[in-house]
Structure formats: C-alpha cells, structure tokens
Amino acid sequence: MKPVDLAKARILVTNDDGIHAPGLEALLEIANQLSSDVWVVAPEVNQSGAGHSLSLSRPIRAREVSEAKFALEGTPTDCVLFAAKHLLKDRKPDIVLSGVNRGTNMADDVTYSGTIAAAMEGCLLGLRSIAFSQAYTHEHPVKWGTATHHGAAVARRVLATDWPRNVLVNINFPDVVTASVKGVRVTHQGTRGFGGHIIERRDPRGGTYYWIGYQPQEGEIDEASDIAAVRSGHISVTPLHLDLTHETMRRRLRAEFEASPVEAD
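Note that the coordinates shown come from a computational prediction; the quantities given were computed from them, not determined experimentally.

About the criteria used
- Residues numbered from 1 in each chain as written.
- Predicted model: local features only at pLDDT ≥ 70, side-chain atom pairs only at ≥ 80, totals over all residues.
- Heavy atoms only, no water.
- Buried < 20%, exposed > 50% of the residue type's maximum accessible area, 1.4 Å probe, protein only.
- Helix = DSSP H or I, 4+ residues; strand = E, 2+ residues; numbered from the N terminus.
- Pairing = 2+ DSSP bridges.
- Right-handed = clockwise from strand over helix to strand, strands pointing away.
- Contact = heavy atoms within 4.5 Å.
- Polar contact = N/O pair within 3.5 Å; in protein donor to acceptor, adjacent residues only side chain to side chain.
- Axes fitted to C-alpha atoms, helices over the stretch in contact; angles between N-to-C directions.
- Parallel < 35°, antiparallel > 145°, perpendicular 65-115°, else oblique.
- Left-handed = near helix turned anticlockwise from the far one by under 90°.
- Nonpolar A, V, L, I, M, F, W, Y, C, P; charged D, E, K, R; others polar.

*Asks:* Looking at this structure, I do not really get the pairing of strand β6 (residues 128-134). What am I missing?
*Replies:* Of all the 7 residues making up β6, 7 are buried; the element is thus mostly covered by neighbouring parts of the structure. Both faces of β6 are covered, namely the face carrying R128, I130, F132 and Q134 and the face carrying S129, A131 and S133. Judged from the 6 bridges that link them, strand β5 (residues 95-102) and β6 form a sheet pairing that is parallel. Along β6, the bridge assignment pairs N101 with S133. In terms of handedness, the path from β5 via helix α3 (residues 114-124) over to β6 forms a crossover that is right-handed. As paired strands, β6 and strand β7 (residues 167-173) are joined by 5 bridges and run parallel to one another. Following the sheet pairing, I130 is matched in β7 by V169. Crossover handedness for the path β6 to helix α4 (residues 144-159) to β7: left-handed.

Spelled out as structure tokens, the structure:
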C-alpha cells in the first residue's frame, strides 16, 4: 500500500473499550491532528478481549451519538466492517485507527485484543490500520497525555512508509509522563504467556459463577521485543502480519509427507 495524503485522508476511529472510553477521546485528539475528515464507530459497551470476532447470531444496531460519531451494539470488528461496508460505503475510509486502549496490547495479548482486531479488520479490507495502547499501573491515573502528545507524530512516520497489504502496525506507549519518553523503538512481538486462571464465586442465592482472571507470566524478556521497549520507557512500534503460517514447520511437514505419502483409502 502506497502512502496516503493525510490532508485528504478519511480516518475511521474505533476501539474496544467502548464509546464512552477516555482512550477514544485521546485517539480522536490524535486523529484530528492528522486529518479534518474523521469518523467514529465504536462499540456501545466495553468489548475488551473480544478478539477478531463478528456478531453473526444476532442483529447489530447503530446509534448516532453526534455528527460523524456512532455507537454500535457489536464488536470492534463489527464496527470497522459496518463503517467501511455501509456507513461510509460511498467514500470509504483510507485509514483505520484503533484505541487508545487502556493498558498495553503486546506479546501474546494481541491474539485476544479487540483493539488489535479492529486494526486487523481494517487490514483485511485493504486499509492502512494502526492500533494504539497506553501502558498504565493499577491504582494510578492513566497517562493519556503521553499518547496524545506523541501519537500523531509517530503515526505520521508510520503512514509515510510503504507497507504490504497484509500488515498492520501496533503502537504501545510507555507508562511515563510525556517528557520522560526515551524515544521510539521498532520491535517484534514478544512472548510472555497468558496466565489465565478461573476465579470461583458464590452469588447471594448460593449459585456458582466464575471470573476469568488475567495474570501475565513474566519470564526472560527479549530486548528487541515490544515488552522490553515499553518497560524501558520507549514507544514500541511493531508491524504485525496476518499470515499466521509458520514457514519452518510448513517445510518440515511438506518434507515428511513427500517422503512418505499418505495412501488414500
């Protein structure tokens, strides 16, 4: 995909934290620094952890919040599809910006993230797509100013690059104040493990219900990874590839089956 002219670009803004999320306002501030043609289609309620899911078994409804701003009763993926294929079908967006997520989306998290999924959907539709996330520490205010101060400048550099159609870009801002950001690192997706566990509870009538708890499994961190960059106070920029094929394993399997073909019954 060739670079787009930001002065003429139509930008679609979405998220997974919902239409009322402060991170959505932060992303709007970033988007408005890039273009004057900005539209919002975001989930009516929080869709964190929705992944790349579509609402196929129920109808979705759209609510106009204000001019060029809509809330959708659906997933982040639904939002991008609805905007590109219906709401803005006569003049499709050129760019999809997703976030700013409350909390990082790095390493294995990207497979669960609705923020990343919205950018994936934009990518599948042939649109340049970027996901934004802001690191934070529990019980401390989220430093949205770090994302809003640096976001547009980083996005401009990313959007000025020629990139393949099946690639999206994942940007994570560190949990430091604006002036303490040490720079930008172009990183690869790290690994840390999900660390999910089940929490059992009892309701007032004695029934059992469950929460899925989340605790990342921290281990040795690759210094070239997104995790290491954000931990060290850098903005992490990671290109993600939609082709999930593992080439080394593919070649091994091909050799295995060519060496000993499976006979048809």
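*Asks:* How should α3 be read in this particular structure?
*Replies:* Since there are 3.6 residues in each turn of an α-helix, residues three or four apart along the chain are aligned in direction. Burial runs high along α3: 9 of the 11 residues are buried. The secondary structure elements touched by the buried residues of α3 are β1 (10-14), α2 (76-87), β5, β6, β7 and β11 (235-241). The N-terminus of α3 is capped by S113, whose side-chain oxygen sits 3.1 Å from the backbone nitrogen of T115.

*Asks:* Is there a simple way to think about the packing of α2 against α3 in this case?
*Replies:* Helix-helix packing: each pair is described by the crossing angle between the helix axes and the interaxial distance. Remark: α2 packs on α3, axes separated minimally by 8 Å, with the N-to-C direction vectors making an angle of 30 degrees. On the basis of the axis angle, α2 is roughly parallel to α3. Like other packed secondary-structure pairs, α2 and α3 cross with a definite hand, here right-handed. Side by side, α2 and α3 meet where P76, T77, V80 and L81 of the first sit next to G114, A117, A118, E121 and G122 of the second. Looking at the contact of α2 with α3 residue by residue, the class counts come to 5 nonpolar, 3 polar and 1 charged.

*Asks:* What exactly am I supposed to notice about unusual backbone geometry here?
*Replies:* Trans peptide bonds make up the majority, and among non-glycine residues the majority have a negative phi. That bond from G99 to V100 is cis: its omega, -15 degrees, falls within 30 degrees of zero. Among the structural elements, V100 can be located in strand β5. A positive phi is found at A107, a non-glycine position, where the angle reads about 50 degrees. With respect to the secondary-structure elements, A107 resides in the loop between β5 and α3. Given a relative accessible area of 0%, A107 falls into the buried group. Of note, the phi angle at E139 is positive, near 75 degrees, even though the residue is not glycine. Residue position: E139 is located in the loop between β6 and α4.

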